[in-house]
Amino acid sequence: MSKSVILKSSIAKKYWMAFTGLFLCLFLVGHLLGNLQLFYAGEEGRRAFNEYAYFMQHNLLIKVMSYVTYLSILFHAIDGLLLAFQNKKARPVQYAMNKASANSSSASRQMALLGSIILIFIATHMVNFWGKMHFGEIPLHTLTKAVNVPISQDPNTGQIVKADIEFSYFLTTNGEYKQYAYKDPKTKLFESQMEVREETKLFDKNSNLEVAEGYKDLHSVVMGFFGKSANGNDVNELAWLAVLLYTISMAVLSFHLMHGFASAFQTLGLRHPRYTAIIKNVGMGFAIIVPAAFAAIPLYIFFK
Amino acid sequence: MSILDSKIPSGELNQKWSSYKDHIRLVNPANKRNIDIIVVGTGLAGGSASAALAELGYNVKSFCFQDSPRRAHSIAAQGGINAAKNYQGDGDSVFRLFYDTVKGGDYRAREANVYRLAEVSASIIDQCVAQGVPFAREYGGLLDNRSFGGSQVSRTFYAKGQTGQQLLLGAYSAMSRQIGKGKIQMYNRHEMLDLVLVDGKARGIIARNLVTGSLERFSAHAVVIASGGYGNVFYLSTNAMGSNVSAAWKVHKKGAYFANPCYTQIHPTCIPVSGDHQSKLTLMSESLRNDGRIWVPKNLEDSKAIREGRMKPTDITDENKDFFLERRYPAFGNLVPRDVASRAAKERCDAGFGVNTTGEAVYLDFASAIERYGREKARMNHDGEASIEIIMDLGAEVVKAKYGNLFQMYYKIVDQDPYKTPMMIYPAVHYTMGGVWVDYNLMTTITGCYATGEANFSDHGANRLGASALMQGLADGYFVLPYTIADYLADDIRTGKISTDLPEFVQTENDVKANIERLMNIKGTKTVDYFHKRLGKIMWDKVGMARNAEGLNWAIAEIQKLREEFYSNVRIPGTVDSFNPELDKANRVCDFLELGELMAKDALDREESCGGHFREEHQTEEGEAQRNDDKYAYVAAWEYTGKPSEAILHKEALVFDNIKLVQRSYK
Amino acid sequence: MKLTLKIWRQSGPNDKGQIVTYPIDNIEGDMSFLDMMDVLNEELIVKGEDPVAFDHDCREGICGMCSLFINGEAHGPDRAITTCQLHMRKFSDGETIYIEPWRAKAFPVIKDLVVDRGALDRVMASGGFVSVNTSGNTVDANAIPISKIDADKAFEAATCIGCGACVASCVNASAMLFVSAKVSQLALLPQGKIEATERVLNMVRTMDEEGFGNCTNTGACAVECPKEISLDNIARMNREYFKAMLTSE
Ligand SMILES: Cc1cc2nc3c(=O)[nH]c(=O)nc-3n(C[C@H](O)[C@H](O)[C@H](O)COP(=O)(O)OP(=O)(O)OC[C@H]3O[C@@H](n4cnc5c(N)ncnc54)[C@H](O)[C@@H]3O)c2cc1C
Ligand code: HEM
Ligand code: SF4
Ligand code: FES
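Keep in mind that what you see is a predicted model, and the values were worked out from it rather than measured.

Caption draft 1: Main features of the site of ligand 3. Residue and element names in this part refer to chain C. Neighbouring ligand 3 are the residues Cys 160, Ile 161, Gly 162, Cys 163, Gly 164, Ala 165, Cys 166, Leu 177, Phe 178, Cys 225, Pro 226 and Ile 229. Sorting the residues of the shell around ligand 3 by element identifies α4 (165-169) and α5 (176-188) as the ones contributing at least two each. Tallied by class, the residues present in the shell around ligand 3 amount to ten nonpolar, two polar and no charged.

The structure is reproduced here in structure tokens:
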């Protein structure tokens, strides 16, 4: 088996497209399941989401899978564009009159265009979330709660005086909310005993020891990006645009998959009179449901 | 008149070929590499020959005028190919196939050739299956057969209605393999315009590159003409638009005798002519007569009503239909040979019973076959009480599986659904039994020049049986020529490459060039097609299904006049040195204009009716063809002397040692 | 019927070419499309103009020579037919009809509507055969039974007429349908299985070298194919190629 066959032949290139494409479909499912947690309201939802994000970043298996995903996207995109480039060359002179709609779906003819839009989307998407998550400044998941605590004893009555003091907690990876600061009722300033180092590590200021690790608060970044202030995060002023572009991108993905899903099976030779109709229907369902579910999330956040 | 030497080997009929093969000279493999062979034509005859010769080691140069060898008109053959396999156990044998073919040809074919054909027929099927030709099969996985006209056994192998296509693609595959190996040099879009003789031997050809227009010389140690039939002399025929006589005619003019030009097969089941602008007729395979019943209305009024559109064929009950073939020929019914079926249809139409607006059509009706198959199918589905609609639907499915592509073709052309209403059919020119005279070795009267397939005259006498042309083409190319040509080439192992700079090549090329320039310089006012159509009309009216002395004489005079007019008034646009289809056509039509005259002359000379040649003066009281074996049991081979009118007749007497000549009867 | 024809005219391979408009009248529904082209050419010749060159031969839908891209579709608007089987009844009075050659890098224009499809022959020569010599001594044709289902499928694939409409209709000018039809036919039959591995590798390699595009499974080819060659064949070739790629030495 010569290398040139596996990389260069038109059909082998197509196998790569199909394998990577189907793998990306799997990835989409995984990604979607995670994202769906954004529908989960309140601190519970926030916590679940951030824990999930942490898990995704730290589990070895997931890490491997994510590298496969990056490679797949890269390979899929490069190979796809290469194929598309060759295909353009295969017809140097265009028809003056071409009724292609009579014989094929426009999605099937525009895979490269659709794919390129998806690529741009993926790039911006990664800058916005993945990049921030990995390299950017993301505040940690903190919680500030007013707790009615005794602050002093009435010297006269001996009564315990309570007051609502705002405490701040870090959500830590061992699953507890670790208090780290409180708001001095007099100075109205937060007094912190802990310090964050290396993005997520929590150090006790006094002992200089690492006491726990915090979670990055991706949830709030997302909320803010799509126009929702929940935990004092910054709110994206162009959230409407982000939501719009996200939704459009998902529509594009939908078209890509309407053709792509079933097409991949054809490419791999998985065609049979009994099953092809099923594959097509599943593909259609997949192509509609998955991107629609993705798109529903920012819409939900934005309009909630 | 000289006696032609057909070089038939001596010995018992069934021993001739095997003992011949045992004793011919061979060319050893090393020497084959030094020998070039030109094959003009890539149909079944030429394609199979090119492949087989290249496999043996010869250097083959193949020519076709189309853009690919796969497009030769053999591709259009529909019905099937005969072979004496006796897979059906219905009594078939080599002798019976031989006998049927000679009888079907109305006893005007050479016994030894036909016997050899029948002998090798079985190998053809084996070879084709080995090449991957997907013949129709039965559920058990074995090959299926159907019946064809003129025989009482089922010996026809088929691939739906596309048998010729599948066989040709088999030969083309075999050629492709050799092209890939470089053993065949393929010259597509090249038209042979003359034969080059060196020392009286065929040593090359001049061909025009149809893309660039340039004339090119090609040399070889032998030249094989496999350029197909000349039915297009009638303009309208079932042949392809480009089918022509030029290659055959050019060798004729160089000294090869042309045999039995008047034997033309008019096929009974073609889609009728619809209008003046029609360029071509479409065959509906003879295999349809397995299941279709041919009829016209019994009553003249009904025919008239149908012609005027007041009545539909489905309105007529069976009692009022005249199934004229079943009536006249009860033993063979709808499966009588083609010549008989065609004349019977013409007779009914001439008598006023014809249908279609033109009155020139009869019906080919599948209703009863559809019903019969439908009932069978319903029984198999355990649906004894199926309604007639369901039965007809089931039956239509069976018919579709057998002839789907033909029905679709009909539907697209006529715009009527043959599952619902009977097909209209009418006879049309289909095949030419006549052709270049060849001996038992398939060599023409020019040394080193061979002719195979429809281009030669050899195996079908005065009428070809269905499914026999494919058999002959492949037999010639795969199994006969490779032996016989070796015997000749054994003398050439020391000749070496033949130079195309020889004066003979230069001279021939100059002649061709002069001829083309003459045509281009006429710059008249009428198109090539105009002349071709007029020639076709003369031929169809007077040299067609029924001929008589008066008409033939008239035709000869008319053709001569037309030829003169052509040379003074034809208009060919474009230039010589470019892609110029009009010039290609003109080159072909000038040869048809000469051939047509020779055909009429031959028909006039043959004072009898036999097979496809029907002289009105010679018929029985019942209107059947009347042969005259005492005077005309010969092959008429014409020698060219400068003008068709002055062609010299040579007779090859036909000797029948194994078959008794009787009046053909299919009653 | 009165029609306006917009025809691609190109005097030779090096000419740039352009669409030229020709009005035509008195066309009847029963005429075939090529009969109509004949009428046009007769008129042009009589007027002293250069007739339109187009390929054709059998005029009954089997030789695969005719090859016109009519109104934006290979072999015109009707289905399961070739250009020569298209009849004028499919058009209506006053209609404008675009007539163009097959467009593909692998099919250079020779003149007007005539293209060079030699690439398809070269693909065939690289493997579209069973390597069996002619001897008359191969096994008896019935020695190897072949299931009717496979034989019928092989036949259906084998009905490809090599017209190139698949290439012409494909956005990518891919020849996969043509190539897969031959690969399938021979892969389905025991006689062809023996060389299946080399065949598919070689034919696909030649296909790629000839400059055809890559299949994106748009399915346009199968819709426009006059012989209704099915996409099943492409899937089968993809399987065959996969097997071959992994197992060839
Ligand atoms: C519609 C139709 C249906 C038929 N059905 C059957 C059937 O069912 N069974 C049967 O047995 N027979 C049938 N026949 C008859 C049979 O198909 C032909 O007789 C046979 O195929 C002829 O084969 P061939 O090789 O001699 O010629 P062709 O196949 O006609 O090939 C001729 C070749 O010669 C080339 N050529 C011609 N002139 C030149 C030139 N000047 N220069 C260069 N090349 C040239 C052409 O390019 C072509 O390659 C049918 C015929 C027709 C027309
Ligand atoms: C999540 C993202 C993506 C998924 C799930 C996906 C999925 C698929 C699938 C399943 C196919 C069908 C493969 C086949 O026909 O065999 C396909 C084809 C294609 N994809 Fe993607 N894709 C994605 C992103 C991209 C990107 C970023 C590009 C970049 C340009 C791209 C370009 C293409 C092209 C050009 C094709 C057609 C290839 C062909 O059929 O030859 N895709 N995709
Ligand atoms: S697959 Fe169909 S469209 Fe393509 S060449 Fe064959 S017959 Fe023509
Ligand atoms: S001319 Fe032969 S298929 Fe159209």
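From this point on, the discussion continues.
Caption draft 2: Summary view of the sheet that holds strand β3 (residues 177-183) of chain A. Residues and elements named next belong to chain A. Strand order in the open sheet made by the four strands is β1-β2-β3-β4, with antiparallel pairing throughout. Each edge of the open sheet carries a strand with a single partner, namely β1 (142-153) and β4 (190-192). The mean inter-strand angle of the sheet, taken between neighbouring strand axes irrespective of direction, is 40°. Where β3 lies against β4, three bridges are found, and the strand directions are antiparallel. Opposite Lys 183, over in β4, you have Phe 190 as the bridge partner. Together, β1, β2 (160-171) and β3 form the strand contacts of helix α3 (residues 42-58), whose direction differs from that of β1 by roughly 125°.

Caption draft 3: Highlighting the interface of chain A and chain C. Listed as interface residues are 36 residues of chain A and, on the opposing side, 50 residues of chain C. Together chain A and chain C conceal approximately 3,500 Å² of surface at their shared face, both sides included; 54% is due to carbon and sulfur atoms. Close ionic contact of Arg 271 of chain A with Asp 232 of chain C constitutes a salt bridge, the shortest N to O distance being 2.5 Å. At the boundary of chain A and chain C, one finds 28 residue pairs in polar contact (both at pLDDT 80 or more). Those elements that provide at least two residues to the side of chain A that touches chain C are α1 (3-8), α2 (10-35), α4 (60-90), α5 (106-109) and α8 (239-267) of chain A. Of the residues forming the side of chain A that touches chain C, the biggest block, six residues, is contributed by α2 of chain A. Of the residues assigned to the side of chain A that touches chain C, the class counts are 16 nonpolar, 14 polar and six charged.

Caption draft 4: Up close: the layout of surface pockets. Space inside the second largest pocket adds up to approximately 1,500 Å³. Lining the second largest pocket we find 45 residues, and of these Lys 160, Lys 400, Ala 401 and Lys 402 of chain B together with Glu 156 of chain C sit closest to its centre. Secondary structure elements with two or more residues in the lining of the second largest pocket: α11 (367-380) and α12 (388-414) of chain B together with α3 (148-158) and α9 (232-247) of chain C. If one sorts the elements of the lining of the second largest pocket by residue count, α12 of chain B sits on top with ten residues. Looking at the lining of the second largest pocket, its residues break down into 20 nonpolar, seven polar and 18 charged.

Caption draft 5: Fine view of the domain arrangement of chain C. All names here are of chain C. Per the domain assignment, the segments of chain C are domain 1 (3-111) and domain 2 (119-247). Counting residues at the interface gives 19 residues for domain 1 and 20 residues for domain 2. Counting the surface lost from both domain 1 and domain 2, the interface buries some 1,400 Å², and carbon and sulfur atoms represent 60% of this. Area buried by domain 1 at its contact with domain 2 is led by Ala 80, Ala 106 and Phe 107, which between them contribute 32% of it. At the boundary of domain 1 and domain 2, one finds one salt bridge. Between Arg 79 and Glu 224 there is a salt bridge, with its nearest N and O atoms 3.1 Å apart. If you look at where domain 1 meets domain 2, you find three residue pairs in polar contact (both at pLDDT 80 or more). Taken together, the residues of the side of domain 1 that touches domain 2 break down into ten nonpolar, five polar and four charged.

Caption draft 6: Just the interface of chain B and chain C, in detail. Listed per partner, the contact involves 76 residues of chain B and 69 residues of chain C. For the pair chain B and chain C, the number of links is six salt bridges. Across the salt bridge formed by Glu 60 of chain C and Lys 280 of chain B, the nearest N and O atoms sit 2.7 Å from each other. Our count for the contact surface shared by chain B and chain C stands at 41 residue pairs in polar contact (both at pLDDT 80 or more). Broken down by secondary-structure element, the contributors of at least two residues to the side of chain B that touches chain C are α3 (44-56), α5 (111-131), α6 (163-181), α12, α13 (469-489) and α17 (581-605) of chain B. The biggest single contributor to the side of chain B that touches chain C is α6 of chain B, with nine residues.

Caption draft 7: How the structure looks around the sheet that holds strand β3 (residues 69-70) of chain C. Residues and elements named next belong to chain C. Strand order in the open sheet made by the five strands is β2-β1-β5-β3-β4, with mixed pairing throughout. Every interior strand has two partners, whereas the edge strands, β2 (18-24) and β4 (73-74), have only one. Strand direction decides the pairing type here: strand β1 (residues 3-9) and β2, joined by seven bridges, are antiparallel. Along β2, the bridge assignment pairs Trp 8 with Ile 19.

Caption draft 8: Local environment of the nonpolar core. Ile 81, Phe 135, Ile 205, Ile 225 and Phe 566 of chain B are the most contacted members of the largest nonpolar core, which has 261 residues in total. Sorting elements by how many residues they give to this core places α13 of chain B first, with 13 residues. Once you skip the residues sitting within four places of it in the chain, Phe 135 of chain B turns out to touch Ile 81, Ile 125, Cys 128, Val 129, Leu 143, Phe 157, Tyr 158, Ala 159, Thr 163 and Leu 167 of chain B together with Ala 151 of chain C. Ranked by size, the runner-up nonpolar core spans 39 residues in total, among them Ile 118, Phe 261, Ile 279 and Ala 287 of chain A.

Caption draft 9: The arrangement of the coordination of the iron atom of ligand 2 in detail. Residue and element names in this part refer to chain A. The coordination sphere of the iron atom of ligand 2 contains the protein donors His 76 (NE2) and His 256 (NE2), at a distance range of 1.9 to 2.0 Å. For the iron atom of ligand 2, the six donor atoms in the first shell make angles of 86 to 179° at the metal, so the coordination geometry reads as octahedral. Placement of the pair is His 76 in helix α4 and His 256 in helix α8, with a sequence separation of 180 residues. Taking relative accessible area as the criterion, His 76 reaches 17% and is therefore assigned buried.

Caption draft 10: Here's a closer look at the pairing of strand β6 (residues 201-204) of chain A. Residue and element names in this part refer to chain A. As paired elements, strand β5 (residues 194-197) and β6 share four bridges and run antiparallel to each other. Paired with Val 196 across the strands is Leu 202, a residue of β6. The pairing of β6 with strand β7 (residues 210-213) spans three bridges and is antiparallel. In the sheet register, Lys 201 faces β7, and the bridge partner there is Glu 213. The antiparallel hairpin formed by β6 and β7 contains five residues in its connecting segment, where Asn 208 sits at a positive phi of about 65°.

Caption draft 11: Inspection of empty space enclosed by the protein at higher detail. Counted under the stated rule, the structure contains twelve cavities of 30 Å³ or more. There is about 620 Å³ of room inside the second largest cavity. Lining the second largest cavity are 36 residues; nearest its centre among them are Met 241, Pro 581, Lys 585 and Arg 588 of chain B together with His 56 of chain C. Looking at the lining of the second largest cavity, the elements that each hand over two or more residues are α15 (528-542) and α17 of chain B together with α1 (33-46) of chain C. In terms of residue count, the dominant contributor to the lining of the second largest cavity is α17 of chain B (seven residues). Grouping the amino acids of the lining of the second largest cavity by side-chain chemistry returns 15 nonpolar, nine polar and twelve charged.

The rules behind each value
- The residue numbering used here restarts from 1 in each chain and proceeds along that chain's sequence as written.
- Numbering of ligands from 1 and lettering of chains from A proceed in the order in which they are written.
- Reporting of local features is limited, given that this is a predicted model, to residues whose pLDDT is at least 70; pairs of side-chain atoms are given and counted only at 80 or more, and all residues count toward the totals for whole chains, interfaces and linings.
- The side-chain figures draw on all heavy atoms in the structure; neither hydrogens nor water molecules are used.
- To be near a molecule or strand, a residue needs just one of its heavy atoms within 4 Å of it.
- Only DSSP runs of H or I covering at least 4 residues are called helices, and only runs of E covering at least 2 are called strands; the numbering of each starts at the N terminus.
- Just so you know the grouping, Ala, Val, Leu, Ile, Met, Phe, Trp, Tyr, Cys and Pro go in nonpolar, Asp, Glu, Lys and Arg go in charged, and all remaining residues, Gly too, go in polar.
- A pair of strands counts as paired when DSSP detects no fewer than two bridges linking them.
- Angles shown run from 0 to 180 degrees and are taken between the N-to-C directions of axes, each axis being a line fitted to C-alpha atoms and, for helices, limited to the stretch in contact.
- Note on contacts: a residue pair qualifies if any of its non-hydrogen atoms lie within 4.5 Å across the two residues.
- In short, buried area is how much 1.4 Å probe accessible area vanishes from two parts on joining, totalled over both.
- A side-chain nitrogen of Lys or Arg and a carboxyl oxygen of Asp or Glu constitute a salt bridge if their distance falls within 4 Å.
- Pairing of N or O atoms within 3.5 Å defines a polar contact, subject to two protein rules: one partner must be a possible hydrogen donor and the other a possible acceptor, and residues neighboring in sequence count only if both atoms are side-chain atoms.
- Here the term cavity refers to a set of points on a 1 Å grid, laid over the protein atoms alone, in which a 1.4 Å probe fits but cannot get out; the term pocket refers to an open set having protein on both sides within 12 Å along at least five of seven lines, with lining residues being those that place an atom within 4 Å of a point.
- Grid points are joined across faces, edges and corners, and a volume is the space filled by probe spheres set on the points.
- Domain ranges listed in this record stem from an automatic or a database domain assignment.
- Note on terminology: a nonpolar core comprises buried Ala, Val, Leu, Ile, Met, Phe, Trp, Tyr and Cys residues joined through side-chain atoms within 4.5 Å.
- For the exposure calls, accessible area comes from a 1.4 Å probe over protein chains only, and a residue counts as buried if that area is under 20% of its type's maximum, exposed if over 50%, partly exposed in between.
- Here a donor is an N, O or S atom found within 2.8 Å of the metal, or within 3.2 Å if the metal is Na, K or Ca; sites may look incomplete because water is not among the atoms.
- Any coordination sphere not matching a tetrahedral pattern (four donors, all angles between 85 and 135 degrees) or a square planar or octahedral pattern (four or six donors, opposite donors over 155 degrees apart, other angles between 65 and 115) is reported as irregular.

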